Amino acid sequence: MLILTKTAGVFFKPSKRKVYEFLRSFNFHPGTLFLHKIVLGIETSCDDTAAAVVDETGNVLGEAIHSQTEVHLKTGGIVPPAAQQLHRENIQRIVQEALSASRISPSDLSAIATTIKPGLALSLGVGLSFSLQLVGQLKKPFIPIHHMEAHALTIRLTNKVEFPFLVLLISGGHCLLALVQGVSDFLLLGKSLDIAPGDMLDKVARRLSLIKHPECSTMSGGKAIEHLAKQGNRFHFDIKPPLHHAKNCDFSFTGLQHVTDKIIMKKEKEEGIEKGQILSSAADIAATVQHTMACHLVKRTHRAILFCKQRDLLPQNNAVLVASGGVASNFYIRRALEILTNATQCTLLCPPPRLCTDNGIMIA
């Protein structure tokens, strides 16, 4: 705790007076008897400021979120100092909205849980500092949360899932395959050797200048690729999935990005347009990239399923594969994973899209 406090202080430390005024703003009567433990969860690992109040039975009592997507679209990506400042400006309001919606007085909370890693250091520092101030004022237990573990276990909030199960976490900052054997008990089977799949989709979308496309101007890179891919031919370009000879469960996306960059440069020369203009084949490129990524994810996940079943780490029938994280909200990728699970006598489970992206509920 001491180390965490020192680290947080470097980034952002709200004054005790501000925290005190924040707590005084609640009109609820403290001391109400609650049958269940109640946790406030706070998430600021990247570009979403989120908070939620959840009881130990899984009931979501209140939640609030502030997305920075619109701001970062203008800069073509997340700028950490800008994300930090937006977290600072919004965290008190978001926590207050979540608590107000729950009708729970801060003094009636059982604990405060906050993401401490992994993520952008500047963003994490804002949530951590604010939480530790609340913990100090309220004299409540503090629960440090690993962001990826929270994503992995979110499915148990919406579905009855027993341990063990396989989880594929795919987002803008992470990509990993793990066997979940219990709460905080994970066996890592594979991870990205370079960039994350969501990061790759964002870079391809920027290279295609999809923010200038009339149908995609308000979408994140991943959403723009998914939207445009519906209009394209996924077999128009021949791109081999990465690591197709590697006998492990790791992932790689940098090579796919570089191949795509070369295709875009070639098409720009053919069409006689400058970088920054929309290619006539943009939809075909988007469809090919999305399809190649889906094939790569499926192949590596298939290896993990076979590995776990051969070693009796998963049941032979009705084993569960959970896909979570922002990229798991891509319906094309979900469908590809569904085909895999049907063929291997497994069940695919995905949290609803709003719980696939970063949120306070999974932390609480």
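Residues numbered from 1 in each chain as written. Predicted model: local features only at pLDDT ≥ 70, side-chain atom pairs only at ≥ 80, totals over all residues. Heavy atoms only, no water.

- As annotated in an unreviewed UniProt entry, the protein chain carries the name N(6)-L-threonylcarbamoyladenine synthase and is attributed to Gorilla gorilla gorilla.
- In its Subcellular location (unreviewed entry) section, the UniProt entry covering the protein chain states "Mitochondrion". (UniProt positions renumbered as here; feature names shortened; annotations may be inferred.)

### A short note on the overall build of the protein chain
Alright, step 1. When its secondary structure is counted, the protein chain shows 14 helices and 10 strands.
Alright, step 2. Radius of gyration (C-alpha) of the protein chain: 22 Å, near the 21 Å computed for a compact globule of 364 residues.
Alright, step 3. The principal-axis extent of the C-alpha atoms belonging to the protein chain is close to 70 × 50 × 35 Å.
Alright, step 4. Among the 364 residues that make up the protein chain, the fraction classed as buried is 51%.
Alright, step 5. Pairs at least 24 apart in sequence give 71% of the contacts found in the protein chain among residues at least 6 apart.
Alright, step 6. Counting every atom, the protein chain has about 17100 Å² of accessible surface; 55% of that belongs to carbon and sulfur.
Alright, step 7. Positive and negative side-chain charges of the protein chain, numbering 39 and 30 respectively, have mean locations separated by a distance of 4 Å. (Helix = DSSP H or I, 4+ residues; strand = E, 2+ residues; numbered from the N terminus. Rg over C-alpha atoms; globule rule 2.2 N^0.38 Å. Buried < 20%, exposed > 50% of the residue type's maximum accessible area, 1.4 Å probe, protein only. Contact = heavy atoms within 4.5 Å. Areas by Shrake-Rupley, 256 points an atom, 1.4 Å probe, with all protein chains shown as cover. Lys, Arg positive; Asp, Glu negative; His and termini not counted. Charge placed at Lys NZ, Arg CZ, Asp CG, Glu CD.)

### A closer look at the domain arrangement of the protein chain
Alright, step 1. Each assigned domain of the protein chain is listed here: domain 1 (38-140) and domain 2 (165-355).
Alright, step 2. Domain 1 puts six residues into the contact, and the matching count from domain 2 is eight residues.
Alright, step 3. Carbon and sulfur atoms make up 57% of the surface buried where domain 1 meets domain 2, a total of about 480 Å² over both sides.
Alright, step 4. Across the contact surface, domain 1 and domain 2 share one salt bridge.
Alright, step 5. Glu63 serves as the salt-bridge partner of Arg354, at 2.8 Å between the closest nitrogen and oxygen.
Alright, step 6. Where domain 1 packs against domain 2, one counts one residue pair in polar contact (both at pLDDT 80 or more).
Alright, step 7. The residue makeup of the side of domain 1 that touches domain 2, split by class, is two nonpolar, three polar and one charged. (Domains from an automatic or database assignment. Buried area = accessible area lost by both parts, 1.4 Å probe. Salt bridge = Lys/Arg side-chain N within 4 Å of Asp/Glu carboxyl O. Polar contact = N/O pair within 3.5 Å; in protein donor to acceptor, adjacent residues only side chain to side chain. Nonpolar A, V, L, I, M, F, W, Y, C, P; charged D, E, K, R; others polar.)

### Concerning helix 12 (residues 331-343)
Alright, step 1. Across its 13 residues, helix 12 extends 18 Å between first and last C-alpha, which sits within 8% of the 18 Å expected from 1.5 Å per residue.
Alright, step 2. Taken residue by residue, helix 12 has Ile333, Arg334, Ala336, Leu337, Leu340 and Thr341 as its buried positions. Taken end-on, helix 12 shows its buried residues confined to a sector of 160°, consistent with a single buried face. Residues of helix 12 that are exposed and point over 90 degrees away from its buried face: Phe331, Asn342 and Ala343.
Alright, step 3. Buried residues along helix 12 sit in contact with strand 6 (165-170), helix 11 (282-310), strand 9 (319-324), strand 10 (346-349) and helix 13 (353-356). (Expected span 1.5 Å × (residues − 1). Arc of directions from axis to C-beta.)

### A few points about the side chain of Gln257
Alright, step 1. The topology assignment puts Gln257 in helix 10 (residues 254-271).
Alright, step 2. Classification of Gln257 as buried rests on a relative accessible area of 13%.
Alright, step 3. Residue contacts for Gln257: discarding those within four places in its chain leaves Ile195, Met200 and Lys203.

### Re the packing of aromatic side chains
Alright, step 1. Tallied over the full model, the rule gives two aromatic pairs.
Alright, step 2. Ring centres 5.8 Å apart and planes at 15° place the aromatic pair Phe163 and Phe165 in the stacked group.
Alright, step 3. Summarising the aromatic geometry, the rings of Phe251 and Phe253 are spaced 6.3 Å apart at their centres and angled 10° between planes, so their arrangement reads as stacked. A single burial state applies to Phe251 and to Phe253, both of which are buried. (Phe/Tyr/Trp six-rings, centres within 6.5 Å; stacked < 30°, edge-to-face > 60°.)

### A look at the state of the cysteines
Alright, step 1. If you walk through the whole model with that rule in mind, you get zero disulfides.
Alright, step 2. Just so you know, Cys346 is unpaired, no disulfide at all, and the nearest cysteine sulfur is the one on Cys308, 9.5 Å from it.
Alright, step 3. Judged by its relative accessible area of 10%, Cys346 falls in the buried class.
Alright, step 4. Unpaired in terms of disulfides, Cys356 finds its nearest cysteine sulfur in Cys350, a separation of 6.1 Å.
Alright, step 5. For Cys356, a relative accessible area of 0% corresponds to the buried category. (Disulfide = S-S within 2.5 Å.)

### What about the layout of surface pockets?
Alright, step 1. Here the largest pocket is characterised by a volume of approximately 1300 Å³.
Alright, step 2. Sorting the residues of the lining of the largest pocket by element identifies strand 3 (60-67), helix 3 (69-75), helix 6 (147-153), helix 8 (197-207) and helix 9 (221-229) as the ones contributing at least two each.
Alright, step 3. For the lining of the largest pocket, the leading source of residues is helix 8, giving six residues.
Alright, step 4. Taken together, the residues that form the lining of the largest pocket break down as 15 nonpolar, 22 polar and nine charged.
Alright, step 5. Composition of the lining of the largest pocket by domain shows at least three residues from each of domain 1 (38-140) and domain 2 (165-355).
Alright, step 6. For the second largest pocket, the calculated volume is near 720 Å³.
Alright, step 7. Lining the second largest pocket we find 25 residues, and of these Leu153, Val183, Met362, Ile363 and Ala364 sit closest to its centre.
Alright, step 8. Elements with a minimum of two residues in the lining of the second largest pocket: strand 1 (38-43), strand 2 (48-55), strand 5 (142-146), helix 6, helix 7 (155-158) and helix 14 (360-363). (1 Å grid on protein atoms, 1.4 Å probe; cavity = no way out; pocket = protein on both sides within 12 Å on 5 of 7 lines; lining within 4 Å. Points joined across faces, edges and corners; volume = space filled by probe spheres on them.)

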